[in-house]
Each structure stands twice: as structure tokens, then as C-alpha cells.
Amino acid sequence: VIQQISLPSKENTRIHYRQLGWSTSQTAVTPEYALGGEITVTEQMINAGALDLYVTWSKYYIGQLVENVTDIDGKKQTGYVAYICGNNDNVKAKSSKPNSNWTYLIVSKYGANRLTDVTWSNATFTDAYLPAKAEMETIITNLWEDSSSRQWKIFSDGSSTSSNWDYYWTATADDADSSKAYYASVTTNSNVTGTYAGLVTSTKNKTETLKAIGVSYIK
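Quick look at the structure, then. (Residues numbered from 1 in each chain as written. Predicted model: local features only at pLDDT ≥ 70, side-chain atom pairs only at ≥ 80, totals over all residues. Heavy atoms only, no water.)

A word on the overall build of the chain. Of regular secondary structure, the chain possesses four helices and 13 strands. Expressed as a percentage of the 219 residues in the chain, the buried residues total 44%. Sequence separation of 24 or more characterises 64% of the internal contacts of the chain that already satisfy a separation of 6 or more. Here the chain displays about 11,600 Å² of accessible surface, and carbon together with sulfur accounts for 46% of that area. (Helix = DSSP H or I, 4+ residues; strand = E, 2+ residues; numbered from the N terminus. Buried < 20%, exposed > 50% of the residue type's maximum accessible area, 1.4 Å probe, protein only. Contact = heavy atoms within 4.5 Å. Areas by Shrake-Rupley, 256 points an atom, 1.4 Å probe, with all protein chains shown as cover.)

Structural data, given as C-alpha cells:
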């Protein structure tokens, strides 16, 4: 008699969404079973003769503007989804909140919550966090490519000129030198004319002034 059913560990693919797991409901946004997990067979399942499972897709998608949501700290946030946390993802382990229960990393929308030209020690938000180094890499990778909307609102000061897409603090200090911190550079992409690319480069002195963007975490 089969007592356990092993589920596939490989994610199904859907553009900009992620598979969070499996569910017996077609419309579920919270999975009942994890990727690579197991189902304990019950007498009810045996009597039914069949068990229908559906892919549980993420509620939000990469790049989506999420407005007026409550984050894991109980604060209201509006921003762009930069990352969807899957099963045992490394970015969560390296996050500035690795042990918290979050699924989506969002970046504050361009506007009043975005700071510019501040030193590292002052690059803080009252309602958002500076991204950790791993998170900044993810943000740039997932959001920089849309030069017509998301990229402009997140990395620009309101102008589409390349001179204003420059350097942004991350929250992770360089372990080798406590006087410096990592920063991200958003620059013209020389490989593709008319687009911009991002890179988390080494360090800047904390006494220098760079721009800052904030991130938040939602379930």
C-alpha cells in the first residue's frame, strides 16, 4: 500500500510568475504542498480514487506595481515586485531579513520615499530598508530591462538622461573595510544601444554621497 506520494521538485515555468508549490484548489495562492514535498495518503484519498493537484502560482509577478499593501512589519507600501521567494532560495538566506516570513521583495515606487544624495549612514528609510547586496543584484537583474517604465521610476531621478542613472547604496558593508560599503551602479548598456544595465560593484567610502532606494517585504 502506497503511504507517501513524492512531488516533483522542479518548478513549472510561467513568464514573470513563480511556482510556489502545489494545491488541490485551482485558485489557491498559498500552496498546500511544497515543491519536492510529500503527500501522506489518507483513507479518504483512497476512497476517492483520485487526487487532483494544481500548480500554485505566485499571487504577484515580477515588475508588477503593488499598491497600498501591508508589509511584514505592518506598514503600508507601494512599489514594484523585484523578487518572488521560492523554495530554499539563496537570496532569502542572504537577505537583510533572512528569518522572516516573506515571499515578495518590493522596491519603493519613485517619489517621496526615495532618498537622494546621502551618506551611507544616513541612507535609511522610515518605512523601508536599503536592499542588501544580494537583493540589489536581484533588483537590478529583474527590473532594469524595462526602460519605458519600471526602470525609469526606480533608478532615475525623474529624468531619462543617463547621467542621472548612477550610484545607489546597498545595506551590506564591506567586511574587509568597515569605512566602506557596497554600492550599485546603473549605467548605459554598451552592448545594447538605448538601454541601461546594472551592476553591484565593490565599495564606496561612507563619507561619500550616493542615492538610495528602499525595499520592503510582503507575504
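Picking up where we left off.
Taken as a whole and judged by the stated rule, the model has five salt bridges. Among the salt bridges present, the one from Asp89 reaches Arg18, with a minimum N-O distance of 2.4 Å. With Asp89 in the loop between strand E6 (76–84) and helix H2 (90–93) and Arg18 in the loop between strand E1 (4–6) and strand E2 (19–23), this pair connects stretches of sequence that are 71 residues apart. As a salt-bridge pair, Glu208 and Lys204 come within 3.8 Å of each other at their nearest N and O atoms. The exposure class assigned to Lys204 is buried, which follows from its relative accessible area of 19%. Each of Glu11, Arg18 and Asp89 takes part in one network of salt bridges that share partners. (Salt bridge = Lys/Arg side-chain N within 4 Å of Asp/Glu carboxyl O.)

Take unusual backbone geometry next. For His16, which is not a glycine, the phi torsion comes out positive at approximately 70 degrees. Classification of His16 by relative accessible area gives partly exposed; the value is 40%. With a phi angle near 55 degrees, Asn68 is a residue other than glycine that sits in the positive phi range. Here Asn68 lies in strand E5 (residues 65–70).

Among the nine residues of E6, seven are classified as buried, and the element is accordingly described as predominantly covered. Hairpin remark: E5 followed by E6, antiparallel, with five residues in the connecting loop; positive phi at Gly74, about 85 degrees. When E6 meets strand E7 (residues 104–108), the two strands line up antiparallel, connected through five bridges. Residue Gly79 lies in a different strand from E7, and its bridge partner there is Ser108. (Pairing = 2+ DSSP bridges.)

Turning next to the sheet that holds E6. Taken in spatial order, the four strands of this open sheet run E5-E6-E7-E13, and their pairing is antiparallel. On the outer flanks of this sheet lie E5 and strand E13 (215–218), each paired with one strand and no other. Pairwise comparison of adjacent strand axes, ignoring direction, gives a mean angle of 50 degrees for this sheet. The pairing of E7 with E13 spans four bridges and is classified as antiparallel. From the neighbouring strand, Val107 faces E13, where its bridge partner is Val215. (Axes fitted to C-alpha atoms, helices over the stretch in contact; angles between N-to-C directions.)

With that settled, consider the packing of aromatic side chains. This structure, assessed with the given rule, holds five aromatic pairs. A network of ring pairs unites the aromatic residues Trp102, Tyr129 and Tyr217 as a single cluster. One residue, Arg14, lies across the ring of Tyr17, its end atom 4.1 Å from the ring centre. When the ring centre of Tyr182 is taken as reference, the NZ or CZ atom of Lys133 above it lies at 4.9 Å. (Phe/Tyr/Trp six-rings, centres within 6.5 Å; stacked < 30°, edge-to-face > 60°. Lys NZ or Arg CZ within 6 Å of the ring centre and 35° of its normal.)

Attention shifts here to the side chain of Gln77. Position of Gln77 relative to the elements: it lies in strand E6. Residue contacts for Gln77: discarding those within four places in its chain leaves Val66, Glu67, Asn68, Val69, Asp71, Ile106, Asp127 and Ser216.

Relative to the helices and strands, Thr138 resides in helix H3 (residues 133–143). We classify Thr138 as buried; its relative accessible area is 13%. Each residue touching Thr138, except ones within four places of it in the same chain, is listed here: Ala82, Tyr83 and Val91.

The tendency in soluble globular proteins is for nonpolar side chains to be buried side by side. Val81, Leu105, Val107 and Leu143 are the most contacted members of the largest nonpolar core, which has 31 residues in total. Elements that contribute at least two residues to this core include exactly E5, E6, E7, H3, strand E10 (180–188) and E13. Beyond its immediate stretch of four places on either side in the chain, Val81 contacts Tyr60, Tyr61, Ile62, Gly63, Gln64, Val66, Tyr104, Leu105, Ile106 and Leu143. Ala123, Phe125, Leu130 and Ala181 belong to the second largest nonpolar core, which has ten residues in total. (Core = buried A, V, L, I, M, F, W, Y, C linked by side-chain atoms within 4.5 Å.)

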